[in-house]
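Read off the chains here:
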Amino acid sequence: DFLPIGVDPHPWLADEIETIRESYAGKKIIFNVGRLVPYKGYHHLIDSMRYLSDDYILLIGGDGPLRGELEAQIQQHGLQDRVKLLGFIPSKLKPAYFGACDVFCLSSTVKTEAYAIVLVEAMSLSRPVVATKIPESGVSWVNEDGVSGINVPVEDAPALAEAIHKICDDPELWKTYSKGARRRFYDVFTKDEMINSLINIYTELLNPSK
């Protein structure tokens, strides 16, 4: 049996969300947060901005050894106004960035990203998700394709851009995935659901004949 990790829904920080959105007024905000390490696929996510119009801005929270390399990539392609490396985001403020974004995009490339709890956090705030189909990983199960968002091949910047554009440029589709993400969170990923699933697993183990 598979036991999804349950989390508490993030609070809706209205004032902080408004402040962030005002900082990037008129932009469609793509967000990702995590360690700046190779398996997160940030090179591909940054590269995807070359296929999107100036209406889009990418915010990446977190720090790590790849920061200098990613900053160089941003400079090389003239994306300084369209990609922002935010550095470490305090845990209290993290929900505001989830809530402020138009889409959460997970670009990870290998099964080191086994589950991606950030997807669940984003879904708790009704954010549509774009994620990658990582072999032998649970990521593309967490983000149910066509329900909470879209899954695309790994290491494919044009596919990331196409999925982001598809969601953000279609208000009805955005609403469908937003509602789907929130519904999937409450159906599968709350702590109550995790506890209920755990009880069911133990019950089956103790009573295999039933």
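Residues numbered from 1 in each chain as written. Predicted model: local features only at pLDDT ≥ 70, side-chain atom pairs only at ≥ 80, totals over all residues. Heavy atoms only, no water.

**Structural notes on the overall build of the chain**
Phase 1: Across its full length, the chain carries nine helices and six strands.
Phase 2: At a minimum sequence separation of 6, the contacts of the chain that also span at least 24 residues come to 75%.
Phase 3: Working note: accessible area of the chain is about 10300 Å², and carbon and sulfur atoms make up 52% of it. (Helix = DSSP H or I, 4+ residues; strand = E, 2+ residues; numbered from the N terminus. Contact = heavy atoms within 4.5 Å. Areas by Shrake-Rupley, 256 points an atom, 1.4 Å probe, with all protein chains shown as cover.)

**Examining a negative patch on the surface**
Phase 1: On the surface, a cluster of negative charge is contributed by Asp15, Glu16, Glu18 and Glu22.
Phase 2: Tracing the backbone through its elements, the reader meets Glu22 in helix 1 (residues 14–23). (Patch = residues over 30% accessible without salt bridge, like charges linked within 9 Å, V, L, I, M, F, W, Y side chains within 5 Å. Salt bridge = Lys/Arg side-chain N within 4 Å of Asp/Glu carboxyl O. Lys, Arg positive; Asp, Glu negative; His and termini not counted. Charge placed at Lys NZ, Arg CZ, Asp CG, Glu CD.)

**Let's talk about the state of the cysteines**
Phase 1: Tallied over the entire structure, the rule returns zero disulfides.
Phase 2: Unpaired in terms of disulfides, Cys101 finds its nearest cysteine sulfur in Cys168, a separation of 8.7 Å.
Phase 3: By relative accessible area, Cys168 is classed as buried at 13%. (Disulfide = S-S within 2.5 Å. Buried < 20%, exposed > 50% of the residue type's maximum accessible area, 1.4 Å probe, protein only.)

**Digging into the sheet that holds strand 6 (residues 149–152)**
Phase 1: If you walk across this open sheet you meet the six strands as 3-2-1-4-5-6, and the pairing is parallel. Only two strands of the sheet have a single neighbouring strand rather than two, namely strand 3 (83–87) and strand 6. Direction aside, neighbouring strands of the sheet carry axes that sit 20° apart on average.
Phase 2: Sheet topology places strand 5 (residues 129–132) next to strand 6; four bridges connect them, and they run parallel. The residue bridging Thr132 from the neighbouring strand is Val152, located in strand 6. (Pairing = 2+ DSSP bridges. Axes fitted to C-alpha atoms, helices over the stretch in contact; angles between N-to-C directions.)

**Details of the pairing of strand 2 (residues 56–61)**
Phase 1: With respect to burial, strand 2 is a largely interior element, six of its six residues being buried.
Phase 2: In strand 2, alternate side chains face the same way, and those of Tyr56, Leu58 and Ile60 on one face and Ile57, Leu59 and Gly61 on the other are all buried.
Phase 3: Once you follow strand 1 (residues 28–33) into helix 2 (residues 42–48) and on to strand 2, the crossover reads as right-handed.
Phase 4: When strand 2 meets strand 3, the two strands line up parallel, connected through four bridges. Each residue of the ladder has a partner; that of Leu59, found in strand 3, is Lys84.
Phase 5: Each parallel crossover has a hand, and for strand 2 linked through helix 3 (residues 67–76) to strand 3 it is right-handed. (Right-handed = clockwise from strand over helix to strand, strands pointing away.)

**Quick look at the side chain of Lys40**
Phase 1: Tracing the chain through its elements places Lys40 in the loop between strand 1 and helix 2.
Phase 2: Accessibility expressed as a relative area gives 11% for Lys40, which makes it buried.

**Describing the packing of aromatic side chains**
Phase 1: Across all of its chains, the model carries six aromatic pairs by this definition.
Phase 2: Relative to Phe104, the ring of Phe31 has its centre 5.9 Å away and its plane inclined at 75°; by these criteria the two rings are edge-to-face. Taken as a pair, Phe31 in strand 1 and Phe104 in strand 4 (residues 103–105) lie far apart in primary sequence, 73 residues in all. Here the two residues Phe31 and Phe104 agree in accessibility, since each one is buried.
Phase 3: Ring geometry for Phe185 versus Tyr186: centroids 5.0 Å apart, planes at 85°, classification edge-to-face.
Phase 4: Assessed through its relative accessible area of 37%, Tyr186 is described here as partly exposed.
Phase 5: In this arrangement the basic side chain of Arg184 is found over the ring face of Trp141, its NZ or CZ atom lying 5.0 Å from the centre. (Phe/Tyr/Trp six-rings, centres within 6.5 Å; stacked < 30°, edge-to-face > 60°. Lys NZ or Arg CZ within 6 Å of the ring centre and 35° of its normal.)

Nothing here speaks to function; it is all geometry.
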